[in-house]
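Below, each chain spelled out in residue letters.
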Amino acid sequence: MTDRIAPGPVLEFEGVGKSFGGIRALHGVDLAVREGELVALIGPSGSGKSTLLRCANRLAEPDVGTVRFEGREAPRGGAALARVRRRMGMVFQAFNLYPHLTALENVALAPRRAAGRSARGARRTAVEALERVGLGDRLDARPDQLSGGQQQRVAIARALALSPRILLLDEPTSALDPELVGSVLGVIRSLADDGVAMLIATHELAFAREAADRIVFLDEGRMVEAGPPEEILERPRTERLRTFLKRL
Amino acid sequence: MSELFETFLNPAVMGESAGLLLRGLVVTVELSLLVVPAGLALGACVAVAQALAPPWLERVVSLGVDLVRAFPPLVLLVLVVHGLPFAGIELPALVGVAVALTLNTASYYGEILRAGIAGVSAGQWEAARSSGLGTTSILRFVILPQGVRKVLPDLVGNTLEAVKLTALASVVALPDLLRMARIAQGVHFNPSPLILAAALYLALLWPLARFVRRLGASKAAPDFARSRR
Amino acid sequence: MEIFFDREALALAWPAVRSGIAVTLQLALASIAAGVALGFALAVARALGGRWLRFATPAIVAYADAFRAIPPLVLLVVIYFAAPFAGLELSGFLASFAALVLVLGASAEEIFWAGITAVDRGQWEAALSTGLSRRTTLFRVILPQAVLLTVPPLTNRAIATGKNTALASVVAVPEVLNQATSIQAQTASPAPLLLAAGVYVALFLPLVRIGRWLETRAPTGGPAPAEGPP
């Protein structure tokens, strides 16, 4: 997509594995996301996409392996981890907006309370972020007054407010009615054009083909194939990927 | 340290008062075995009456229930035990206590069962009626079994409260566990019997409290709010 | 019938019962405020975790179970009659206050904890992912949503605490019931008792009605919507 000078990896997974209650969700995943790059994670549900995203900002703590952010191993807890998390935005399948706060307050909370900006500065940041996702006119709406697509755009604005180096998106359109998917993908695409690095778990193959620099296919917690979209989608090398693509 | 031990956990005093306390424990258990079934039965009557009554009567019943609830249980107890004799009604102490505690606990059982019955869907009534069952049979075989299951944790929780209430009997000189412990404490001029009685109450009721927590635990979900570090 | 509304006995009882109302209210309000605060603090400690608090969690759970298991009167009697043997002379009022606070604190902790865990875990994830600390997440995101859920059960426990102030009569605190029973002993008439009963109804019936109303309009946790027989 965009050619940059020495695009070092923003986010790197090295041999990352994770089990939940005896069930292996991830097996030794190696993956790097470079600056300005959009990497799409595809795979059946339960293949470990969500877990991998959560390992990136340690909402889930990997059992083995290393996660590096900007070349350094991400701290495991405390204020240092919070600082790293501020520089990684995350967008969830279920939006997870704070229902008791307005759109503006949802977005302004972290700039104010995590980054310690002034009330006015946090507000300005939040307004800019909401304008960027096309919701500059819904600042005072509460989540239950917004459509699903609008809610997800507020959630994206919340993730963008602290100018993250990378966005982690966990199936951002899976909970949306079909007619609302387009607006959210449009916002994501425009962010990609601005050079925001992204790691996105998605079932929207058409979107992945067109917007992603690379596609990674996960199955049963393993990275099965990875490569440019046309290679992965047109010339799958493994039986598992072929079966997966056929079923969709 | 050993002085504290001698004072509060004096083995000699505990040994000597154990017999007395056990007799008190028997009274506490007897009282519980009276109050819990009677309270449940009366509560079930109230709940069923509310389910079947016309709206105005339902409001009257619920006001009556709230009236009973407005009394501190000890006040209700003192009223029944010390007040009724003035009206010419002389009840044995055990019966008076049981009546007062039953009234109190039934007001809670009744409300819980009412909520349980109300939670069974109208379709169940329709289905049962369409198969030709009478109201009593519908309640007994269709509605109550489902309603009770829905509110089981609350029923068990209220049973815990009912047993706890029995300690009030000591105030009107019924020889229950607490009363016996007070007597033993007076005789030996030592608090060990009180500590022993408290331990007996805990031995009796702690498992029930744990059980209530377990029943409620299915509702309380994620581990995420808990410590991860 | 006149024996129940003996004017003389009532005239004698009223000043005493009236002073008892003040004591009942003081004991009730102080115990409720302190008990709710204790429960809140414990639930917050349990939710925040942290190194030393990991060991506190089992202790908090054990405290909550034990003090929901023990009858309040037993606790009061132990505190009032056993404490002096440890050289701790508590007034009846303070002993009652301590017992009521410990009992309410246990219930309140469980209620706040249930409210905290009822909030979707996605809310924690979302807030932590933006770099908010656990503490800020708890206070700015989770608790504002949780507290609404806790209002109906907390109201009911607060009412129960208010009613339990009558137990203080056992340790000679001159509250409503204690005043009434001592006048009753003087007059050999049930009128003072009935007066006290009337006072309790006047104090608590409105609160019980409010508690019922709160419970029926609660979003969750209250009784299911009425769908009775058709």
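In case you missed it, the structure is sitting above this.
We now turn to the structure provided with this report. Throughout this document, residue positions are counted from 1 along each chain, in the order its sequence is written. To read the labels, note that chains go from A and ligands from 1, taken in the order they are written. A pLDDT threshold of at least 70 governs which residues receive local features in this predicted model, and a stricter bar of 80 or more applies before side-chain atom pairs are shown or counted, although totals over entire chains, interfaces and linings include all residues. Working from all heavy atoms in the structure, the side-chain values ignore hydrogens and water.

## A word on the packing of helix H4 (residues 92–118) of chain C against helix H6 (residues 134–164) of chain C
Residue and element names in this part refer to chain C.
Here is step 1 of the chain: Relative to each other, H4 and H6 sit at 145 degrees, their axes nearing to 8 Å. Seen along the crossing, H4 lies across H6 with a hand that is right-handed. Across the interface between the two elements, Leu100, Leu104, Ser107, Ala108, Ile111, Phe112, Gly115, Ile116 and Ala118 of H4 pack against Leu138, Ile142, Leu143, Ala146, Leu149, Thr150, Pro153, Leu154, Arg157, Ala158, Thr161 and Asn164 of H6.
Here is step 2 of the chain: The residue inventory of the contact of H4 with H6, partitioned by class, reads 15 nonpolar, 5 polar and 1 charged. Working convention: axes come from line fits to C-alpha atoms, limited for helices to the stretch in contact. Angles between N-to-C directions cover 0 to 180 degrees. Secondary structure follows DSSP: runs of H or I at least 4 residues long count as helices, runs of E at least 2 residues long count as strands, and numbering of each begins at the N terminus. Left-handed describes a crossing whose near helix is turned anticlockwise from the far helix by less than a right angle; the clockwise case is right-handed. Any two residues whose heavy atoms approach within 4.5 Å at even a single point are treated as in contact. Gly is put with the polar residues, along with every residue not named as nonpolar or charged; the nonpolar set is Ala, Val, Leu, Ile, Met, Phe, Trp, Tyr, Cys and Pro, and the charged set is Asp, Glu, Lys and Arg.

## Concerning the interface of chain C and chain B
Here is step 1 of the chain: Taken residue by residue, the interface counts 65 residues in chain C and 63 residues in chain B.
Here is step 2 of the chain: Once two parts are put together, the accessible area they lose, assessed with a 1.4 Å probe and summed over both, is termed the buried area. Taking both sides of the interface into account, the surface hidden between chain C and chain B amounts to around 5,600 Å²; carbon and sulfur atoms contribute 70%.
Here is step 3 of the chain: For this document, the term salt bridge refers to a Lys or Arg side-chain nitrogen within 4 Å of an Asp or Glu carboxyl oxygen. At the junction of chain C and chain B, the tally comes to 6 salt bridges.
Here is step 4 of the chain: We note a salt bridge from C:Arg212 to B:Glu111, for which the minimum N-O separation is 3.2 Å.
Here is step 5 of the chain: Each polar contact in these results corresponds to two N or O atoms within 3.5 Å; when the atoms are within protein, one needs to be able to donate a hydrogen and the other to accept it, and residues that are neighboring in sequence are counted only if both atoms are side-chain atoms. Put simply, chain C and chain B have 10 residue pairs in polar contact (both at pLDDT 80 or more) between them.

## Focus: the packing of helix H9 (residues 177–188) of chain B against helix H3 (residues 72–82) of chain C
Here is step 1 of the chain: The contact between H9(B) and H3(C) brings their axes to 11 Å, and the two run at 10 degrees. Relative to H3(C), H9(B) is oriented roughly parallel. Counted together, B:Leu178, B:Arg182 and B:Gln185 of H9(B) and C:Leu73, C:Val74, C:Val77 and C:Phe81 of H3(C) form the full contact between these two elements.
Here is step 2 of the chain: Its residues assigned to classes, the contact of H9(B) with H3(C) shows 5 nonpolar, 1 polar and 1 charged. Between 65 and 115 degrees an angle is taken as roughly perpendicular, under 35 as roughly parallel, over 145 as roughly antiparallel, and anywhere else as oblique.

## Examining the interface of chain C and chain A
Here is step 1 of the chain: Contacts between chain C and chain A engage 16 residues on the former and 20 residues on the latter.
Here is step 2 of the chain: For the pair chain C and chain A, the summed buried surface comes to about 1,500 Å²; carbon and sulfur atoms form 58% of the total.
Here is step 3 of the chain: On the chain C side of the interface with chain A, the three residues burying the most area are C:Glu125, C:Ser129 and C:Thr130, jointly 34% of the side's total.
Here is step 4 of the chain: Taken together, chain C and chain A are joined by 1 salt bridge.
Here is step 5 of the chain: Run the count over chain C and chain A and you get 5 residue pairs in polar contact (both at pLDDT 80 or more).
Here is step 6 of the chain: When contributions to the side of chain C that touches chain A are tallied by element, the ones reaching two or more residues are helix H5 (121–129) and H6 of chain C.
Here is step 7 of the chain: Looking at which element gives the most residues to the side of chain C that touches chain A, the answer is H5(C), with 7 residues.
Here is step 8 of the chain: Grouping the amino acids of the side of chain C that touches chain A by side-chain chemistry returns 6 nonpolar, 7 polar and 3 charged.

## Some points on the packing of aromatic side chains
Here is step 1 of the chain: Put simply, two rings from Phe, Tyr or Trp (the six-membered ring, in Trp's case) pair if the centres are within 6.5 Å, and we call them stacked under 30 degrees between planes, edge-to-face over 60, tilted for the rest. Under the counting rule described, the total for this entry stands at 6 aromatic pairs over all chains.
Here is step 2 of the chain: Here A:Phe217 and A:Phe244 contribute two aromatic rings whose centre-to-centre distance is 5.2 Å and whose plane-to-plane angle is 35 degrees, an arrangement assigned as tilted. With A:Phe217 in strand E9 (residues 214–219) and A:Phe244 in helix H9 (residues 239–247), this pair connects stretches of sequence that are 27 residues apart.
Here is step 3 of the chain: The criterion for a charge sitting over a ring is simple: Lys NZ or Arg CZ within 6 Å of the ring centre, and within 35 degrees of the ring normal. A cation over an aromatic ring shows up here: A:Arg158 above the ring of A:Tyr98, its NZ or CZ 4.7 Å from the ring centre.
Here is step 4 of the chain: Sitting over the ring of C:Phe81, B:Arg182 keeps its end group 3.6 Å from the ring centre.

## Quick look at the environment of B:Leu25
Residue and element names in this part refer to chain B.
Here is step 1 of the chain: Relative to the elements of secondary structure, Leu25 occurs in helix H2 (residues 11–52).
Here is step 2 of the chain: For every residue, the accessible area obtained with a 1.4 Å probe (protein chains only) is divided by the maximum for its type, and the residue is called buried under 20%, exposed over 50%, and partly exposed between those limits. Exposure remark for Leu25: the relative accessible area of 18% places this residue in the buried category.
Here is step 3 of the chain: It is 8.7 Å that separates the C-alpha atoms of Leu25 and Met180, two residues lying 155 residues apart in sequence.
Here is step 4 of the chain: Residues contacting Leu25, with those up to four places away along its chain left out, are Leu177, Leu200 and Leu204.

## Observations concerning a nonpolar patch on the surface
All names here are of chain B.
Here is step 1 of the chain: Within this analysis, patches are made of residues with over 30% relative accessible area and no salt bridge. Like charges are joined at 9 Å or less; nonpolar side chains (Val, Leu, Ile, Met, Phe, Trp, Tyr) at 5 Å or less. Values of accessible area rely on a 1.4 Å probe in the Shrake-Rupley scheme; residue burial ignores everything except the protein chains shown. Together, Leu42, Ile89, Leu91, Val95, Val99 and Leu103 line one region of the surface with nonpolar side chains, adding up to about 410 Å² of accessible area.
Here is step 2 of the chain: At 3 residues, helix H5 (residues 93–119) tops the list of elements feeding residues into the nonpolar patch.
Here is step 3 of the chain: Note on placement: Val99 falls in helix H5.
Here is step 4 of the chain: A relative accessible area of 35% means that Val99 is categorised as partly exposed.

## Quick notes on the sheet that holds strand E2 (residues 23–34) of chain A
Residue and element names in this part refer to chain A.
Here is step 1 of the chain: When DSSP finds at least two bridges between two strands, those strands are taken to pair. Strand order in the open sheet formed by 4 strands is E2-E1-E4-E5, with antiparallel pairing between adjacent strands. Edge positions in the open sheet fall to E2 and strand E5 (72–73), since each of these has one partner strand only.
Here is step 2 of the chain: Where strand E1 (residues 9–20) and E2 come together, 8 bridges link them in antiparallel fashion. Bridge assignment links Phe13 to a residue of E2, and that residue is Leu31.
Here is step 3 of the chain: Contacting E1, E2 and strand E4 (64–69), helix H1 (residues 49–56) crosses the sheet at an angle of about 120 degrees to E1.

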